Amino acid sequence: MANVTKKRIAIIGAGPSGLSQLIAFKQAEQEQRVELVCFERQAEWGGLWQYTALVGTYSCGEPIHSSMYRQLWSNGPKELLEYADYSFEQHFGRSITSYPPRAILYDYIIGRAAAADVRKFIHFRTTVRHVDFDDNTQQFHVTVQDLLANELQKDLIFDHVIVATGHYTIPNMPDFEGLSTFPGRVLHSHDYRGADEFVGKNLLIIGGSYSAEDIAIQCYKFGAGSITISYRSCPMAFKWPEAIKEVPLLQRIDGHTAYFKDGTSVDNIDCVILCTGYRHNHSYMAEPLRFQCTSNLYIPNNLYKGIFWSAEPRLAYLGMQNQLYTLNMFDIQAALVRDVFLDTVKLPDDDDKKRQEDIAKWQAREKTLSPEDHEGFSDLQTDYLDDVTSCCDQNTVPKFDLQRVNAGFYKFFHDKKENLITYRDQTFTSIFPPFKEASTSKIQWINNKDDSIQGYLASITTA
């Protein structure tokens, strides 16, 4: 009888959000209540957190997924993203600093997934080509391609589909006069792989958010000659080192000279790095199911509770919003998806009109915030997660103190405003009892050029 009622669930993507969803469903799978199938285009799990030196496309012709680069260190404190059921100290067997390098975070994410034994559900090197919904049978039809065998599998039937592909893969490429004939190097941050190739170079970075900030500081750390950051709407206004300055939006480039909206110009530009964000791309979804978003919103269109496709809530999208919260947010979203798809809880609004009204209410709040109001966006996402948590089965939803995390974000914003060079040297306190403070490093971040797991762990001050 169990097999008759078992729900078939497709999860697209085995990055952090897809892994959160697999782990959330693990107990139900053991109880034979669901059949889990996860499709992952890459050869390994971990999504964006995997590093590859490659840019462009894989050998199979698919676009390179990762935007990670050498010497990338966490740009937010680990305490604010830690899983409720799997701590960093549990994974590494020791206390670590608040701002570890990428390799540490990747090891942590896949370590938890390995401990949960969910790899067996993942079909690697398999990309989803089409997803449609049959109104008569109330089921999804999915077509996938095995990238190694180059074979299509059509009309795979599922009761639910969960899209967990992330949205930091398809670059947003603006057009500026003269850029296509610029005699130096032009690249999007998606293809940036490290600062070592820009030593002594004069850089123009276009963008006004986290990528522009982080790549600018990293290139400064490794010895770039000068760095000019061109913003669209408002400057980041940090206390930049002398070699970095912010200017209004680029208007045109003539040879190696860049001209800006305020009438100023900068000569001798060697390289242009476009930190201009990413486009959502779900072209494999049938149009009535396709999530589309032209900008990176905290409250996206058509996603009820930021998750469920409003017109057909048997379909869920994870992690599609702009993010202050990350890993722990994916866990909470995955918990609600599990609870709704297993009929443990019912969504508060039972028709599309009511769901759209709920979305509009949250969007109205987001529209009141100015781009530089970081605390306001932190409050918004905190309240959003509190709302999602309240919809979950309270016996199984991951529990952590959202207000303590929000206070941590406030400290994080303050630390960056005080000193962009030293904020990664600061320590945070765990949000979980007994609220231990993070370890410190023997080497200041600006001087620490060993981002390997071994080198990083060796640099931690022992108590």
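Residues numbered from 1 in each chain as written. Predicted model: local features only at pLDDT ≥ 70, side-chain atom pairs only at ≥ 80, totals over all residues. Heavy atoms only, no water.

1. Some words on helix H9 (residues 374-391)
For an α-helix, the turn length of 3.6 residues means that residues three or four places apart are oriented alike.
Part 1 of the reasoning: End to end, H9 covers 26 Å across 18 residues, agreeing with the expected 26 Å (1.5 Å per residue, within 8%).
Part 2 of the reasoning: Burial of H9 is extensive: 13 of the 18 residues sit out of reach of the surface. (Helix = DSSP H or I, 4+ residues; strand = E, 2+ residues; numbered from the N terminus. Expected span 1.5 Å × (residues − 1). Buried < 20%, exposed > 50% of the residue type's maximum accessible area, 1.4 Å probe, protein only.)

2. Considering the pattern of salt bridges
Two side chains with opposite charge may pair up if their charged atoms get near one another.
Part 1 of the reasoning: Inspection of every chain in the model, using the stated rule, returns 26 salt bridges.
Part 2 of the reasoning: Measuring nitrogen to oxygen at the nearest pair gives 2.8 Å for the salt bridge that ties Arg 129 to Glu 62. Remark: Glu 62 occurs in the loop between strand E2 (34-39) and helix H4 (88-92) and Arg 129 occurs in strand E4 (residues 126-134); sequence separation between them is 67 residues.
Part 3 of the reasoning: Among the residues examined, Glu 62 registers a relative accessible area of 9% and is labelled buried.
Part 4 of the reasoning: With a closest N to O distance of 3.2 Å, Arg 112 and Asp 85 form a salt bridge. Taken together, the residues span a long stretch of sequence, with Arg 112 in helix H5 (residues 102-115) and Asp 85 in the loop between E2 and H4 at a distance of 27 residues.
Part 5 of the reasoning: In this structure Asp 85 comes out as partly exposed when scored by relative accessible area, which is 49%. (Salt bridge = Lys/Arg side-chain N within 4 Å of Asp/Glu carboxyl O.)

3. Quick notes on the nonpolar core
Part 1 of the reasoning: The biggest cluster of nonpolar side chains holds 107 residues, and the ones touching the most others in it are Ile 273 and Phe 308.
Part 2 of the reasoning: It is helix H7 (residues 327-341) that contributes the most residues to this core, nine residues altogether.
Part 3 of the reasoning: The residues that make up this core include at least three from each of domain 1 (3-169 + 278-408) and domain 2 (173-274).
Part 4 of the reasoning: Every residue in contact with Ile 273, bar those within four places of it in the chain, is listed here: Leu 187, Ser 189, Tyr 192, Phe 198, Leu 203, Leu 204, Ile 205, Ile 206 and Ile 215.
Part 5 of the reasoning: In this structure, Phe 140, Val 163, Cys 293 and Trp 309 belong to the second largest nonpolar core, which totals 24 residues. (Core = buried A, V, L, I, M, F, W, Y, C linked by side-chain atoms within 4.5 Å. Domains from an automatic or database assignment. Contact = heavy atoms within 4.5 Å.)

4. Section: the domain arrangement of the protein chain
Part 1 of the reasoning: By the assigned domains, the protein chain splits into domain 1 (3-169 + 278-408) and domain 2 (173-274).
Part 2 of the reasoning: Each of domain 1 and domain 2 was reduced to a C-alpha centroid, and the two centroids are 32 Å apart.
Part 3 of the reasoning: In this assembly, 23 residues from domain 1 lie in contact with 15 residues from domain 2.
Part 4 of the reasoning: Buried area between domain 1 and domain 2, both sides added, is near 1,500 Å², and the carbon and sulfur share of it is 44%.
Part 5 of the reasoning: One can count one salt bridge joining domain 1 with domain 2.
Part 6 of the reasoning: Arg 70 serves as the salt-bridge partner of Asp 196, at 2.9 Å between the closest nitrogen and oxygen.
Part 7 of the reasoning: For the pair domain 1 and domain 2, the number of links is 11 residue pairs in polar contact (both at pLDDT 80 or more).
Part 8 of the reasoning: Among the residues making up the side of domain 1 that touches domain 2, the classes are represented as 13 nonpolar, eight polar and two charged. (Buried area = accessible area lost by both parts, 1.4 Å probe. Polar contact = N/O pair within 3.5 Å; in protein donor to acceptor, adjacent residues only side chain to side chain. Nonpolar A, V, L, I, M, F, W, Y, C, P; charged D, E, K, R; others polar.)

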